Amino acid sequence: MDADRYTLLTATSPGALAVLRLRGPGVPALLARHFSRTPALSRPVHGDWRDADGEVIDDPVVALLSDVEAELSAHGGPEVVRRLRQSLESAGFAHAPAD
């Protein structure tokens, strides 16, 4: 697993929640930079997700699944999802379609 990527696991249409899976060696640095708390393995943590300028985008729950994989559960409004995806792509994470 050499590329940093994210996958939207929920529908692309607006919904109550959006779940994004983050994968790759850059996951720890991404979480340290954008998430206000330090998630522990298999222990979901609630915190703030910030963009590169430090502005809060949303207050998701992040679950660390391994040292290179996490799931981010955020509000599913289109603007929140757009800004989350933008922050991931700005950090070098490419979109990967769901399997």
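To be clear, the structure that these remarks concern was listed above.
What comes next concerns the included structure. Predicted model, so just to flag it, every value in this text is computed and none were measured.

Under the defined criterion, the tally for this structure stands at one aromatic pair. On the numbers, 6.3 Å between centres and 40° between planes, the contact of phenylalanine 35 with tryptophan 49 is tilted. Residue phenylalanine 35 is found in the loop between helix 1 (27-34) and strand 3 (45-46), and its partner tryptophan 49 is found in strand 4 (residues 49-50); the two are separated by 14 residues along the sequence. The exposure class of phenylalanine 35 is buried, given its relative accessible area of 5%. For tryptophan 49, a relative accessible area of 0% puts it in the buried group.

All right, on to the sheet that holds strand 3 then. Judged by pairing direction, the sheet is mixed, and its six strands sit side by side in the order 3-6-7-2-1-8 without closing on themselves. Across the chains shown, the open sheet's two edge strands, defined by having one partner strand only, are strand 3 and strand 8 (94-95). In this sheet, strand 6 (residues 61-66) lies alongside strand 3 in antiparallel orientation, the contact comprising two bridges. Residue pairing across strands places valine 45 opposite valine 62, the latter belonging to strand 6. Taken strand by strand, helix 1 contacts strand 2 (17-23), strand 6 and strand 7 (69-75), and its axis lies near 135° from that of strand 2. Of the strands in this sheet, strand 1 (5-8), strand 2, strand 7 and strand 8 touch helix 2 (residues 78-90), which is tilted by about 10° from strand 2.

Despite not being glycine, serine 42 has its phi angle at roughly 60°, a positive value. Structurally, serine 42 is set in the loop between helix 1 and strand 3.

Relative to the helices and strands, isoleucine 57 is located in strand 5 (residues 56-58). Given a relative accessible area of 9%, isoleucine 57 falls into the buried group. Once you skip the residues sitting within four places of it in the chain, isoleucine 57 turns out to touch Trp49, Arg50, Asp51, Val80, Arg83, Leu84 and Ser87.

Rules used in this analysis
- Residues numbered from 1 in each chain as written.
- Predicted model: local features only at pLDDT ≥ 70, side-chain atom pairs only at ≥ 80, totals over all residues.
- Heavy atoms only, no water.
- Phe/Tyr/Trp six-rings, centres within 6.5 Å; stacked < 30°, edge-to-face > 60°.
- Helix = DSSP H or I, 4+ residues; strand = E, 2+ residues; numbered from the N terminus.
- Buried < 20%, exposed > 50% of the residue type's maximum accessible area, 1.4 Å probe, protein only.
- Pairing = 2+ DSSP bridges.
- Contact = heavy atoms within 4.5 Å.
- Axes fitted to C-alpha atoms, helices over the stretch in contact; angles between N-to-C directions.

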